[in-house]
Amino acid sequence: MINRNDILKPQSWSKVVFGDVVRNVDETVRDPQNSGLERYVGLEHIDPGSLHIQRWGLISEGTSFTRRFRKGQVLFGKRRAYQRKVAVAEFDGLCSSDILVFQPKDDRLLPELLPFICQSDGFFEHALDTSAGSLSPRTKFKELARYKFPLPPLDEQRRIAEILWAADDLFTMWKLTDLKIQLSIKSLISNFLNQKWPLCELAKVGEIVTGATPPTKNSEYYQGGDILFIGPSDFNGNKYIKNAAKKITKRGLDVVRSIPKNAVMVTCIGLIGKVALSDSLCATNQQINSIICNETCDPLFLYFVLSTLTDELNKNASCSVVPILNKSNMATIKIPLPPRKDQIKFLEKIHYFEGTKQNIQNHICILSRLRDSLVNNWF
């Protein structure tokens, strides 16, 4: 049994300089195609907050990367360090020049502990403070090498690494479970909608309203407003939009068409097909079409239907420099429309799965905070 009180004593550990115990491995490969390596990793393949590389590119399909990494080394994204991209290589490969490759210099630092030191708030703050460049800030190893942190004795390093990797294993397990639940929800929606339900044009399930913008020169429409004025940038992947970058006043709402709670909003200019529900009385700009459902269609059901019809929505857009799905074209799109009682049964099943998903995500959030707390307490 590990006694945490024996471990949580960072104040007694000696401080070391990062560059004294960590080496920046700068190994290059001249001919990637004939190197015997199969995979390459760019910054886009590293997920923030995860130590595991889930995606990669194939060298056989072409790459300009020449920096080599080996299994067990730590990959650190030096460009835009605020993205917090750190991963442990689980295979040999090539990586972007915007990724630094770390490994311990000697046996003073366990390789298993190095990635967590790089994940600590202190290390990231140092990386940000030493980054240069306005559009794409980068830090350098010579700057990171000056970072100071408390280094435990080796026996405590082993126990700490054991605890942190156990927490990471549990975190990864819950993330995988979350992915499975999301796939189950998608499968449930697809299977239900693929039944032989009658098809109905959108114009017949509710009123379609195109948003508008109150004149911006009139401050009375905006100053001190608390009514959401929703634009495409406010669509964040959540089911309901509960906040917006812009707000308008009651007078501002009087000069545009108001959108009631539970209207189904769809982005219709540029990036077409983002879908969300209004969480309260609001207004939208002209880049959004809203459907105010009648008694034949539950708004939440329509939300799930339209979430699966991105391709159909784009196909009905007019062809121009910027694609536009106008109200008349949107009105003719046909959707499967079961009787209202079948919609409700479907939504009850979705509600169960989404409740399970929320519980899983709560576990993930708790584990993430616990892991970060342990790392930052020690380093």
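The text that follows walks through the structure, step by step, so that each part is easy to find. (Residues numbered from 1 in each chain as written. Predicted model: local features only at pLDDT ≥ 70, side-chain atom pairs only at ≥ 80, totals over all residues. Heavy atoms only, no water.)

## Some details on the overall build of the protein
- Of the regular secondary structure elements, the protein holds 11 helices and 21 strands.
- For the protein, whose C-alpha radius of gyration is 26 Å, the value lies well above the compact-globule estimate of 21 Å for 379 residues.
- A principal-axis box enclosing the C-alpha atoms of the protein has dimensions of 70 × 50 × 50 Å.
- Total accessible area computed for the protein in this model is approximately 19,800 Å², and 51% of it derives from carbon and sulfur atoms.
- Separation between the mean location of the 50 positive side-chain charges and that of the 40 negative ones in the protein comes to 3 Å. (Helix = DSSP H or I, 4+ residues; strand = E, 2+ residues; numbered from the N terminus. Rg over C-alpha atoms; globule rule 2.2 N^0.38 Å. Areas by Shrake-Rupley, 256 points an atom, 1.4 Å probe, with all protein chains shown as cover. Lys, Arg positive; Asp, Glu negative; His and termini not counted. Charge placed at Lys NZ, Arg CZ, Asp CG, Glu CD.)

## Quick look at a nonpolar patch on the surface
- Where nonpolar side chains cluster on the molecular surface, the patch consists of Leu176, Leu179 and Leu183 and spans about 280 Å² of accessible area.
- On the secondary structure map, Leu176 appears in helix α6 (residues 154-193).
- A relative accessible area of 46% places Leu176 in the partly exposed class. (Patch = residues over 30% accessible without salt bridge, like charges linked within 9 Å, V, L, I, M, F, W, Y side chains within 5 Å. Salt bridge = Lys/Arg side-chain N within 4 Å of Asp/Glu carboxyl O. Buried < 20%, exposed > 50% of the residue type's maximum accessible area, 1.4 Å probe, protein only.)

## Details of the pattern of salt bridges
- As enumerated under the stated definition, the model contains 19 salt bridges in all.
- In this structure, Arg108 engages Asp106 in a salt bridge whose closest nitrogen and oxygen atoms are separated by 3.1 Å.
- Notably, a salt bridge pairs Arg251 with Glu220, separated by 2.7 Å at the nearest N-O pair. Taken together, the residues Arg251 in helix α7 (residues 250-254) and Glu220 in the loop between β13 (206-210) and β14 (227-230) connect sequence positions 31 residues apart.
- Looking at Arg251, the relative accessible area reads 46%, which means it is partly exposed.
- Connected via shared salt-bridge partners are Arg79, Asp98 and Arg138.

## Things to note about the sheet that holds strand β10 (residues 99-104)
- Here we have four strands laid out as an open sheet, ordered β2-β10-β7-β8, and antiparallel in their pairing. What marks the edges here is a single partner per strand, and that holds for β2 (22-24) and β8 (86-88). Shown here is a sheet whose adjacent strand axes are inclined to one another by a mean of 30°, direction ignored.
- One ladder, built from three bridges, connects strand β7 (residues 74-77) with β8; its direction is antiparallel. (Pairing = 2+ DSSP bridges. Axes fitted to C-alpha atoms, helices over the stretch in contact; angles between N-to-C directions.)

## Description of the nonpolar core
- The biggest cluster of nonpolar side chains holds 41 residues, and the ones touching the most others in it are Leu202, Val205, Ile291, Phe301, Leu302, Leu306 and Phe346.
- Looking at this core, the elements with two or more residues in it are α6, β17 (264-267), β18 (275-278), α8 (299-307), α10 (327-331) and α11 (340-378).
- With near-sequence residues (within four places) excluded, Phe346 lies in contact with Leu188, Ile189, Phe192, Phe301 and Phe304.
- The next biggest cluster of nonpolar side chains, apart from the first, holds 38 residues, and it includes Leu100, Leu109, Phe116 and Ala161. (Core = buried A, V, L, I, M, F, W, Y, C linked by side-chain atoms within 4.5 Å. Contact = heavy atoms within 4.5 Å.)

## Concerning the environment of Lys71
- By the element assignment, Lys71 lies in the loop between β6 (67-69) and β7.
- Judged by relative accessible area, Lys71 falls into the exposed class, the value being 62%.
- Sequence spacing of Lys71 and Ala89 is 18 residues, and the spatial spacing of their C-alpha atoms is 4.9 Å.
- In this structure Lys71 touches Ala89, Glu90, Phe91 and Asp92, once residues within four positions along its chain are discounted.

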